[in-house]
Amino acid sequence: MKRPPVPENEAERQRALDATCLLTCGAEERFDRITRLVRQIFSMPIVLVSLIDKDRQWFKSRQGLEAQETPRDISFCGHAILGNVPLIVENALDDSRFFDNPLVINAPNIRFYAGVPLHTSKGYRIGTLCLIDTVARSLSLEQIDMLVDFAGTVEELIQADEMTRSAYTNLESELIASRDEMSSLIDNMPGVTYRCLPDNNWTMLYISGQVDRVSGYSADDLIGNKRVCYADLIHPDDAQGLDEAVASAMAMNEQWHVEYRVRHRDGHWRWVEERGKCIRNDPQYPEILEGFIVDITRERNALSQMNKHHDALMLLNDIAFASGDTLDSKIQNALITARKYLKADLAIISQIEGDVYTVRWMDAVPNVGVVFGQQFSLDQTWCQLLFSGHLLVERHELFIANAELSEFYSHPCYRDNPLGSYAGITIEVDGQAFGTLNFSSSRPRADEFDESEQLFMRLLAGWLSDALTNSLSSERLTKLMAQLPGVIYQFRLYSDGHMSFPFSSPQIQSLYGLTPEAAAYDASPAFTRIHPDDLDKVSNTIEYSADSLEYWQATFRVRSEGNDYRWISGQARPERLMDGSVLWHGYLQDIHEQELARLKLARNEARLRGLFEFSPIGIALNDFESGQFIDLNDAVLAPTGYTREEFVALSYKDITPIDFQLEEEKALADLTRIGRYGPFEKEYIRKDGSRYPVRLQGMLSEEQDGRRVIWSLIEDITERRKLDKMKDQFIATVSHELRTPLTSIKGSLGLLSGGAAGTLPDKANILLSNAERNVQRLATLINDLLDMEKLVAGKMTLNMCVQALGPLIDDAVESMISYGDQHRVTIKTTPTWPDIWVNVDGPRFIQALTNLLSNAIKYSPENESVEVSVEQKECAVEVIVRDHGPGVDPVFRSQLFQRFSQADSSDTRKLPGTGLGLAITREISQQLGGEVNYREAAGGGGEFYILLPEVCS
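Small disclaimer: the values here were computed from a predicted structure and weren't measured.

Right, let's get into the overall build of the chain. The secondary structure content of the chain amounts to 26 helices and 34 strands. In terms of C-alpha radius of gyration, the chain reaches 57 Å, well past the compact-globule figure of 30 Å for 953 residues. For the chain, the spread of C-alpha atoms along the three principal axes comes to 180 × 110 × 80 Å. A total of about 52,600 Å² of accessible surface is found on the chain, and carbon and sulfur atoms cover 52% of it. In the chain, 95 side chains carry a positive charge and 139 a negative one; their mean positions are 3 Å apart.

Here is the structure:
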């Protein structure tokens, strides 16, 4: 058996067959009618319309055969479709292609086969109309032609189907294309089209797909209120206005045009613009609303942003043109205004020098904790990020709305200074980095810094840069002008004869007796100082220069403050202004007896040098940067052992022991911050290596060349230290030498008072009582002296332990009750003490407190009270003793806690005392880690208080 070959165009042929859809719709009567007619005409047992599929031949119409299909590889029709002419097999047993074909040797026992190929409209052979007989036979030419005609009829049906299907497909494609075109047109429109009912829900009958861009909901979600109704998306504040606009337009049969907000599915509100009209000719609904909705959020935001830009620019205009006498006042006003605009807690303009961050100007809400002039290490500030070169910091500016959620959450500055929000931008002055303009708050912002706020900060930083640069330039100019021997000025002559100096350097005051401010208002007083013989000449030259605009020059005399006349030289170049006035730019110089001026200057310098050289206190001039001595007097040199030549080659660092490095650093910091330092004490190293104590204080100055220098007063305090030591030794000696005999005297007096010598007369008892009282006072003085000596020398042992504060106060108060009774003064306390614990030496704390109580009782009027209270601070506690006495004279307060200090130190003072009680209290308080101080009490009297660290749980 020979299998039928596969045609070369099999793939195209198969696609053409599939396109006819003949394989999918089963048997059809129209084909069956033809096969029945052919069977009858040709008297054949089997007539088929066979279609050759991939692996089978399938019978679209069959007469005389039960099978619906047979394999393609044993089919006769598979051979028939290989050519365009009919395939006639008169006896299959004689044909080498079919003699052993299963369809020949088995049912249906084919012997005769005649098949005519069936073609599609494009010529593809997809099957046959064939005749089959079980006996061998032949067909005449007329019969073959007739078979071909019938096959043509079948082809016409197939091709008619193709044409119909093609036309349908084309029509369908056109409809789809039209629908897609309309859909694309709608989809590409910038808004949403809709049809809805005028009910409470605005029920959508139709809404275009763009609605998902506006609302986040699909059209399907909204149509028929399937998942959400449109009315629920409208902002509550806008719903009534929309209802009224639509109702009014419907009543007037007009279009409505309204803007309102709708809620997006993500929770944000978007602005939309709606135009619509009511339609009343719909057959189904009496009234339908049709319209168009456009998302105008971007336009609204742009308008809002433009308004914000306008507000920011107007605010900057107000800042730039605000009245202010000084740069400081203008900058302070700018910070106040900007901080309120940005709703920040703190606004700072910093100056950054090296790694030091200094607060130069600031404005803040109360209790911020940052003060003017405060300094920080740059790496502990957020502004360090602006200079770090961090990839996330662009153009030396940084805006952080929520620091906790930012990329800088792990930066050390967040741990050291946790802020809620921060915005910073660098400021340049004269082309160099000066510092930063920054705003911060303790709480995060609800929104990011918008473009207007960022623009505001950039422009403000630019204005500050210009203002500081101009100020620096003006300062430099002022300093330069101050060095000039004459006056730089502008002189203006108006058409009405009025004259003024719009600008003049400060030297004009020494020349004309006018301040620059007064001269700017009226120049006529300057002409009253011109010599009468020169006045006409000066006036004529000015008039000629004004008319001709030629260069003005004149030499004339001006009366000085001493009523003598000095020669002045002047020159200026004129220009005519728009209002007709003439403005001269020029220079005035005093040229009178320049040599006398030089000699006078020399005499003044010699006088100052004499004061410098013969001062009993050392005076030294050092370079600020290197510390090297530039000049010094003999009082500095005398104790050092150096020659002058040797000493001026040294720096103060060379003669200062390393032990005083911290004090030196503090002094330098004070010089940088406030321009002065001290007084403080340290030691200098002599040439032989020995040390001597000195007391220093000084100030920072700047030379004419800009060099910074330090002027210092240096006092050798060696003798003072010796006197202090001698005094301490004297006190210790007197205290110890008196203590032993006083103990014996006190004991003897006690025995006499106790009756050891019998009963004494009343007069003797009075004398004995006075003696005992004076001995007690002397013993108290000696004990105070010894306590004071131990405290100052650090030799008093303190037994520190954590204990409750209340019982200690009660012990001190109880010990002073009898003393109060003697003075008719009561001691008042609170019923209970707060649960406060302190780490103190109990007896020493009681001693300090009893000293304050004794002092308060002693100075309280009779029948008054002394009040003891406790006030908690942050991890600290104040123990307050308040009296109702006369208080402390403000003049005496600076000496209040010094040894032997008494407000009334005369021999006739009314109240007894050693003058050591408060000094001892201060030393004890300091060694307990606290302090003691005094303040006036509200309503009169005074308050002494001991401040101690609280032991916090």
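On we go.
Those places that UniProt annotates as "domain: PAS" (unreviewed entry) correspond, in this numbering, to residues 178-253 and 604-648. Summarising residues 604-648: 42% helix, 22% strand, and an end-to-end C-alpha distance of 25 Å.

Applying the stated criterion across every chain yields a total of 49 salt bridges. A salt bridge links Arg458 to Glu397; the nearest nitrogen and oxygen atoms lie 2.7 Å apart. A residue pair is termed long-range when its members are at least 10 positions apart, and Arg458 in helix H13 (residues 451-483) and Glu397 in strand E15 (residues 397-400) qualify at 61 residues. Classification of Glu397 as buried rests on a relative accessible area of 9%. In this structure, Arg707 and Asp623 form a salt bridge, with 2.8 Å as the shortest nitrogen-oxygen distance. Here Arg707 is found in the loop between strand E26 (691-702) and strand E27 (708-716), whereas its partner Asp623 is found in strand E23 (residues 618-623), with 84 residues between them in sequence. What makes Arg707 partly exposed here is its relative accessible area of 37%. Asp623 gets classed as buried once you look at its relative accessible area, which sits at 9%.

Judged by which residues are buried, E15 turns out to be covered on both faces: Glu397 and Phe399 on one side and Leu398 and Ile400 on the other are all buried. Bridge count for E15 against strand E16 (residues 421-429) is four bridges, and the pairing is antiparallel. Looking at the pairing, Leu398 lines up with Gly424 of E16.

Here the focus is the UniProt feature "domain: PAC" (unreviewed entry) in the chain. Under the present numbering, the feature "domain: PAC" (unreviewed entry) in UniProt falls on residues 256-308 and 678-729. Annotation note: span residues 256-308, helix share 23%, strand share 51%, distance between end C-alpha atoms 30 Å. Within residues 678-729, the helical portion is 23% and the strand portion 56%, while the C-alpha atoms at the span's ends are 29 Å from each other.

Our next topic: the packing of helix H9 (residues 297-320) against H13. The interhelical angle for the contact between H9 and H13, taken along N-to-C directions, is 20°, at an axis separation of 9 Å. Considering the angle they form, H9 stands roughly parallel to H13. For the crossing formed where H9 meets H13, the hand is right-handed. Residue-level inspection shows Gln305, Lys308, His309, Ala312, Leu313, Leu315, Leu316, Ile319 and Ala320 of H9 in contact with H13, the latter providing Glu451, Ser452, Leu455, Phe456, Leu459, Leu460 and Trp463. A class-by-class count of the residues in the contact of H9 with H13 yields eleven nonpolar, three polar and two charged.

In sheet architecture, strand pairing relies on hydrogen bonds along the backbone and comes in two forms, parallel and antiparallel. Spatially, the six strands line up as an open sheet ordered E14-E13-E12-E17-E16-E15, and their pairing is antiparallel. Each end of this open sheet is capped by a strand with a single partner; those strands are strand E14 (375-377) and E15. Pairwise comparison of adjacent strand axes, ignoring direction, gives a mean angle of 25° for this sheet. Helix-sheet contacts for helix H10 (residues 327-342) involve strand E12 (346-353), strand E13 (356-364) and strand E17 (432-441), and the interaxial angle to E13 is about 70°.

Let us look at the sheet that holds strand E3 (residues 69-71). With antiparallel pairing, six strands are arranged side by side in an open sheet as E3-E2-E1-E6-E5-E4. Across the chains shown, the open sheet's two edge strands, defined by having one partner strand only, are E3 and strand E4 (87-89). In this sheet, adjacent strand axes meet at a mean angle of 25° when their direction is disregarded. Two strands pair when backbone bridges link them, and strand E1 (residues 46-52) and strand E2 (residues 56-63) are joined in this way by six bridges, in the antiparallel orientation.

A few words now on the packing of aromatic side chains. Tallied over the full model, the rule gives 17 aromatic pairs. Each ring, one from Phe491 and one from Phe527, has its centre 6.1 Å from the other, and the planes form 45°; the classification is tilted. Here the residue Phe491 occupies a position in strand E18 (residues 486-493), and Phe527 occupies one in helix H16 (residues 524-527), the gap between them amounting to 36 residues. In this structure, Phe491 and Phe527 share a single accessibility class: buried. Taken together through their ring pairs, the aromatic side chains of Tyr489, Phe491, Phe501, Tyr512, Phe527 and Trp584 make up a single cluster. The ring of Trp271 carries Arg300 above its face, with NZ or CZ at 3.6 Å from the centroid. The lysine or arginine in question, Arg445, covers the ring of Phe449, its NZ or CZ lying 3.9 Å from the ring centre.

Conventions used here
Residues numbered from 1 in each chain as written. Predicted model: local features only at pLDDT ≥ 70, side-chain atom pairs only at ≥ 80, totals over all residues. Heavy atoms only, no water. Helix = DSSP H or I, 4+ residues; strand = E, 2+ residues; numbered from the N terminus. Rg over C-alpha atoms; globule rule 2.2 N^0.38 Å. Areas by Shrake-Rupley, 256 points an atom, 1.4 Å probe, with all protein chains shown as cover. Lys, Arg positive; Asp, Glu negative; His and termini not counted. Charge placed at Lys NZ, Arg CZ, Asp CG, Glu CD. UniProt positions renumbered as here; feature names shortened; annotations may be inferred. Salt bridge = Lys/Arg side-chain N within 4 Å of Asp/Glu carboxyl O. Buried < 20%, exposed > 50% of the residue type's maximum accessible area, 1.4 Å probe, protein only. Pairing = 2+ DSSP bridges. Axes fitted to C-alpha atoms, helices over the stretch in contact; angles between N-to-C directions. Parallel < 35°, antiparallel > 145°, perpendicular 65-115°, else oblique. Left-handed = near helix turned anticlockwise from the far one by under 90°. Contact = heavy atoms within 4.5 Å. Nonpolar A, V, L, I, M, F, W, Y, C, P; charged D, E, K, R; others polar. Phe/Tyr/Trp six-rings, centres within 6.5 Å; stacked < 30°, edge-to-face > 60°. Lys NZ or Arg CZ within 6 Å of the ring centre and 35° of its normal.

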